[in-house]
Amino acid sequence: VKERPVVTRLLLDNEVLEGTIPMELSGIAFEFLEIISMSNNTLKGSIPSSLGTFYNLQELNLRENQLTGTLPTELEELLNLEVLNLDRNSLTGSIPWEFNSMHLLEELSLFDNSITGSIPDTMEQLRNLELLYLENNELTGTLPSGLSKCTRLRELRLRSNLQLGGTIPPSYGDTLVDLVVLYLDRMALSGTIPTSFGKLTKLQDLQLYENNLGGPVPTELGNLQELQWLYLDSNYLNGSVPVELGELRKLRFLYLSENGLVGSLPQQLGQLTMLEMLRLHKNDLTGTIPQQFSQLEKLTVLELSNNYLTGTVPNSFETLARAVELEFHDNRLTGDMPQEICELVTTNGGADGLFLVRLIADCEEVSCSCCTSCT
């Protein structure tokens, strides 16, 4: 008797596939499938519930198609599944609470869909989960504190769920110590930034912008020595800019704009020699611009506008040869714009061929013939 061939992998990515996924796969011993990958096609229709019968499946990847309908609860039968990637489709409905049975799941990616409802509390049982991507959906409710039990999480991305709110559970900082990426921006979060986030010492990317967060910027964030991106803008944060942020020597992007921060600019920020963008505009900052900012030689964008800064623009800023945008307007600055900065507003450019294309000041108070715009 001729044996049927055994197929363990069905790899059909980028094959311009159209139509629907067959409800039944027959003719070959598909029951031994370990990987089904049909990403980046134009498949339509719903996800067949019969996929829940492929009990040996370890990876199901249907990302970047045009799939509709809800997530089949039958997928709960895939007890060997390690990767479930359904992002960038048009899926609706809620995340089935039954998915808690997939104890081996390491990656759950559902972003860029239209999924509604809350994040199931049962998700805390997915103790092997390393990557959780739920951003850009229509999730509601609050952040489940139970996610803090998923202690292997390396990336937690919940951004752009505009009605997902509540407070940030402090337990996230206590237990999710392997986090490298945390995206909780463009949500409806309130309360404060937990001081426990200072324990997330592997964190490289922390984005909490466009929420309703208040309170101070935790000084404990200065412990995050691996941090490269820190976006806290467009909230209601108050207090001063912590001097401890000057310890983040790998930081490349620091956004604290559009808050209610007060006090002076810490000269310690001049120690952030890897910094490329520093945005502090639209706060209530006072005092002078630190001379130490001239040490930020990799800076391309410096936005200090719409504060209450006094004094002059430092002459030492000639070192900002990579700057393409400097904004000093709507402050209380006086004096002359340093000629060394004016020389960057040329087609000759500064370092790496870059040249200053946006230089804005209050030209009635700051004499600036080279400004690209005056207020």
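Residues numbered from 1 in each chain as written. Predicted model: local features only at pLDDT ≥ 70, side-chain atom pairs only at ≥ 80, totals over all residues. Heavy atoms only, no water.

K.L.:
Break down unusual backbone geometry for me, with residues and values.
P.N.:
Within the chain, Val-16 stands out as a residue other than glycine whose phi angle is a positive 55 degrees. One non-glycine residue, Glu-210, lies in the positive phi region at around 55 degrees. Tracing the backbone through its elements, the reader meets Glu-210 in the loop between β12 (205-207) and β13 (214-216). (Helix = DSSP H or I, 4+ residues; strand = E, 2+ residues; numbered from the N terminus.)

K.L.:
Break down the sheet that holds strand β17 (residues 262-264) for me, with residues and values.
P.N.:
Strand order across the open sheet formed by three strands is β17-β19-β21, with parallel pairing between neighbours. Two strands lie at the open edges of the sheet, namely β17 and β21 (308-309), each paired on one side alone. Of the pairings in the sheet, the one linking β17 to strand β19 (residues 284-287) comprises three bridges and is parallel in character. The partner of Gly-263 across the bridge, within β19, is Leu-285. (Pairing = 2+ DSSP bridges.)

K.L.:
Which residues make up the side chain of Asp-205, and what values go with them?
P.N.:
By the element assignment, Asp-205 lies in strand β12. Reaching out from Asp-205, the side chain makes a polar contact with the side chain of Gln-207 at a distance of 2.9 Å. Those residues in contact with Asp-205 that lie beyond four places of it in its chain are Val-180, Val-181, Leu-182, Tyr-183, Leu-227 and Trp-229. (Polar contact = N/O pair within 3.5 Å; in protein donor to acceptor, adjacent residues only side chain to side chain. Contact = heavy atoms within 4.5 Å.)

K.L.:
So what's going on with the pattern of salt bridges? Residues and values would help.
P.N.:
Scanning the entire structure with this criterion turns up 17 salt bridges. Glu-64 is the partner of Arg-88 in a salt bridge, and the nearest nitrogen-oxygen pair spans 3.7 Å. Highlighted residues: Arg-88 in the loop between β4 (83-85) and β5 (107-109) and Glu-64 in the loop between β3 (59-61) and β4, separated in sequence by 24 residues. When its relative accessible area of 38% is taken as the criterion, Arg-88 is described as partly exposed. Among the ionic pairs, Asp-178 bridges to Lys-202, the shortest N-O distance being 2.7 Å. Remark: Lys-202 occurs in the loop between β11 (188-190) and β12 and Asp-178 occurs in the loop between α1 (171-175) and β10 (181-183); sequence separation between them is 24 residues. The exposure class of Asp-178 is partly exposed, given its relative accessible area of 26%. Among the charged side chains, a network of salt bridges with common partners joins Arg-63, Glu-64, Asp-87, Arg-88 and Asp-112. (Salt bridge = Lys/Arg side-chain N within 4 Å of Asp/Glu carboxyl O. Buried < 20%, exposed > 50% of the residue type's maximum accessible area, 1.4 Å probe, protein only.)

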